[in-house]
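# Survey of secondary and tertiary structure
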Amino acid sequence: MFTDKVHIFVKGGDGGAGCMSFRREAHVPKGGPDGGDGGHGGNVVLEADASVSSLIDYRYKHHFKAQRGTHGKGSRMHGATGEDLVLKVPVGTVVREYSEESKQAGELIADLTHDGERVVVAGGGMGGRGNIHFVTSTRRAPAFAELGEPAQECWVELEMKLMADAALVGVPSAGKSSLIARMSAARPKIADYPFTTLVPNLGVVKGDEYNFVVADIPGLIEGAHEGRGLGHEFLRHIERTALIVHVVDMTGGYEGRDPVEDYRIINRELALYADELAARPRIVVANKCDVPGVEDNVRRLKEEVRKDAIEAAGGNEFADGVDEASRVFEISALTGKGVDALIHATAAKVHELREAAREKQDAEVQYDQVWEHKRLQRDRRFTVRKLSDGVFRVEGPQIERMVVQTDWENEEALAFLQHRFDRMGLEKELIDAGAVNGDEIRIVGRAFEFESADDRVDIYRELDF
């Protein structure tokens, strides 16, 4: 089964709790703190693997969780780090954020186009710090430690786009499957009815000097850019290819279609789906030229292709590249006529395009760094919302994790949390939102009474805000 889009829920491992402990040794009457740190939780990592051909492994299993870190112990014994969970995906997988509620894909996380490329989609929680970290000049014996940090969790969308050098496109029954079978060792299903091909097929073609990978894309129909005939499912696979090989049935098929109109329809659908596809380099192939009586259709198609090439050159028919772009390959996938010349031209063009693209890959995007930077920026943000008179809710990933990490039965731990809130500017934001002393502040599942020495709080009370 070919699966090219799935949604999965990923959760890193929670961090282990830090330990609150003091040295207890003979002849050491006042041993200092020696609580060890909790271990970090494991990450959920997506890795592109050339040996994986589809996303079938994620069709029925949708939830994945990494190993949690273990708790710290006394004698400065730190907890073990949880193992990362590495999920293998095909090369060419696009990873995006996904909202399970709205069923909409969000921001791009990574585009895994190279074998072995990785991205962390759910980071493990940091291990809680043991009490050895909270010693200060005034706090010599801290009787508290941090709990482990909750791991990141989210839904992500995995979308596989074929990594092919050239894509065979055309209307149903144009002969694309027959052509890929003639060009390569691929053996797709071939029959004399439309939509025989329901999933893309890949084939490796060996040219005289260069080899290339060709994809047989299922037939497109008018309205494909709007999703008709599974248009979106098929069109996405063309986006990756360097070259489009447009196959046109010169006989018009059993419906007696106009080959030139078929050519126009496919060009229009590609342009409407994505602007860059309209300018993508392409080779036009007139197929089934072994059938008698197609000469006039071939002549008309060549005129149409040349007209398009001149238009693309700004109306100058003598511009460089017009003659090359006007070339139409007359072939027969059935008999093999003209296929060798097509393979040679396609291989040369693919090599030229790939060499040009390689120059732009020197400064590759480090997705791990970019995604982590964006995630940290979002984590630091928090909002203050007034729920009702005297009740406010504070929301934000980082501030919520602080609350979860705190031992609410320990007064020293609560005092340390208050110190962290002050450094984040929470009190200022609450006052700006209209909070006064005695109001209830809610964060995650906790609630506490607001207390501030700021003069504005008393002013708000006098004005009855």
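The structure under discussion appears in the preceding block.
Structural notes, computed from the coordinates. Predicted model, so just to flag it, every value in this text is computed and none were measured. (Residues numbered from 1 in each chain as written. Predicted model: local features only at pLDDT ≥ 70, side-chain atom pairs only at ≥ 80, totals over all residues. Heavy atoms only, no water.)

Next up on the list: the overall build of the protein. For the protein, the count of helices and strands is twelve helices and 18 strands. Taken over 465 residues, the protein has a buried fraction of 46%. For the protein, the proportion of contacts with a sequence separation of at least 24, taken over those separated by at least 6, is 70%. Entry remark: accessible area of the protein is about 24,000 Å², with carbon and sulfur atoms responsible for 49%. (Helix = DSSP H or I, 4+ residues; strand = E, 2+ residues; numbered from the N terminus. Buried < 20%, exposed > 50% of the residue type's maximum accessible area, 1.4 Å probe, protein only. Contact = heavy atoms within 4.5 Å. Areas by Shrake-Rupley, 256 points an atom, 1.4 Å probe, with all protein chains shown as cover.)

Taken together, the three strands give an open sheet; going across it, the order is β4-β2-β7, and neighbouring strands pair in mixed fashion. Each edge of the open sheet carries a strand with a single partner, namely β4 (85-90) and β7 (118-122). Averaged over all adjacent pairs, the angle separating strand axes in this sheet is 30°, with direction ignored. Where strand β2 (residues 44-49) and β7 come together, four bridges link them in antiparallel fashion. (Pairing = 2+ DSSP bridges. Axes fitted to C-alpha atoms, helices over the stretch in contact; angles between N-to-C directions.)

A few words on the packing of helix α3 (residues 259-273) against helix α5 (residues 295-312). Packing of α3 against α5 brings their axes to within 9 Å, and their N-to-C directions diverge by 30°. Mapping the contact onto sequence places P259, V260, Y263, R264 and N267 in α3 and N297, R300, L301, E304, V305 and D308 in α5. Residue composition of the contact of α3 with α5, grouped by class: five nonpolar, two polar and four charged. (Nonpolar A, V, L, I, M, F, W, Y, C, P; charged D, E, K, R; others polar.)

With that settled, consider the packing of aromatic side chains. Enumeration according to the criterion identifies six aromatic pairs in this entry. An angle of 40° between the planes, with centres 5.8 Å apart, marks the rings of F144 and F416 as tilted. A residue pair is termed long-range when its members are at least 10 positions apart, and F144 in the loop between β7 and β8 (153-160) and F416 in helix α10 (residues 411-424) qualify at 272 residues. For F416, a relative accessible area of 16% puts it in the buried group. In textbook terms, an aromatic cluster arises when at least three aromatic residues are bridged by ring pairs, as seen for F134, F144 and F416. (Phe/Tyr/Trp six-rings, centres within 6.5 Å; stacked < 30°, edge-to-face > 60°.)

Here we come to the nonpolar core. By size, the foremost hydrophobic cluster in this structure holds 63 residues, and its most contacted members are L46, Y58, V121, L158, L179 and I238. Among the elements that take part in this core, helix α7 (residues 339-358) stands out by supplying seven residues, more than any other. Every residue in contact with L46, bar those within four places of it in the chain, is listed here: L87, V89, V95, L112, E117, R118, V119, V121 and L158. Residues V394, W408, I441 and I443 belong to the second largest nonpolar core, which totals 16 residues. (Core = buried A, V, L, I, M, F, W, Y, C linked by side-chain atoms within 4.5 Å.)

A few words now on unusual backbone geometry. Among all residues save glycine, negative phi is the norm, and among peptide bonds the norm is trans. One non-glycine residue, S75, lies in the positive phi region at around 60°. With respect to the helices and strands, the residue S75 is situated in the loop between β3 (63-65) and β4. For R76, which is not glycine, the phi dihedral falls at a positive 60°. Topologically, R76 is positioned in the loop between β3 and β4.

A few words on the pairing of β2. Working note: regular strand, side chains alternate between the two faces of the sheet. Among the six residues in β2, six count as buried, and that is most of the element. Alternating residues of β2 divide into V44, L46 and A48 and V45, E47 and D49, and every residue in both groups is buried.

Before going further, it helps to spend a moment on the pattern of salt bridges. One pass over the structure, following the stated rule, counts 26 salt bridges. A salt bridge links E261 to R264; the nearest nitrogen and oxygen atoms lie 3.2 Å apart. One end of the pair is E261 and the other is R264, both in helix α3 and three residues apart, which spans about a single turn. On the basis of relative accessibility, which here comes to 30%, the residue E261 falls in the partly exposed class. Judged by its relative accessible area of 32%, R264 falls in the partly exposed class. Each of E261, R264, R268, E304 and K307 takes part in salt bridges that share partners, so that together they form one network. (Salt bridge = Lys/Arg side-chain N within 4 Å of Asp/Glu carboxyl O.)

Glancing now at the side chain of N287. Structurally, N287 is set in strand β13 (residues 282-287). Overall, N287 belongs to the buried group, its relative accessible area being 2%. Within the structure, N287 has its side chain in polar contact with the backbone oxygen of A174 (distance 3.0 Å). (Polar contact = N/O pair within 3.5 Å; in protein donor to acceptor, adjacent residues only side chain to side chain.)

With that settled, consider the packing of helix α9 (residues 397-405) against α10. At a closest axis distance of 11 Å, the pairing of α9 and α10 adopts a crossing angle of 170°. Looking at the two axes, α9 sits roughly antiparallel to α10. Here Q398, I399, M402, V403 and Q405 of α9 come into contact with α10, specifically with L417, R420, F421 and M424. Counted by class, the contact of α9 with α10 contains six nonpolar, two polar and one charged residues. (Parallel < 35°, antiparallel > 145°, perpendicular 65-115°, else oblique.)

Right, let's get into the sheet that holds strand β17 (residues 440-443). Taken together, the four strands give an open sheet; going across it, the order is β15-β16-β17-β18, and neighbouring strands pair in mixed fashion. At either end of the open sheet lies a strand with only one pairing partner, and these are β15 (383-388) and β18 (446-449). Direction aside, the axes of adjacent strands within the sheet are offset by 25° on average. Summarising the sheet, β17 and β18 pair through four bridges and their orientation is antiparallel. If you follow R442 over to β18, its bridge partner there is A447. The strands touched by α9 are β16 (391-395), β17 and β18; relative to β16, the strand with the most contacts, the crossing angle is about 100°.

Turning our attention to the pairing of β16. Burial analysis of β16 places four of its five residues in the buried class, which makes it a mostly covered element. Relative to β16, β15 runs antiparallel, the two being bridged by five bridges. Opposite R385, over in β16, you have R393 as the bridge partner. Joining the antiparallel neighbours β15 and β16 is a turn of two residues, in which G390 adopts a positive phi near 80°. Bridge analysis of β16 against β17 gives four bridges, and the strand direction is parallel. Paired with F392 across the strands is I441, a residue of β17.

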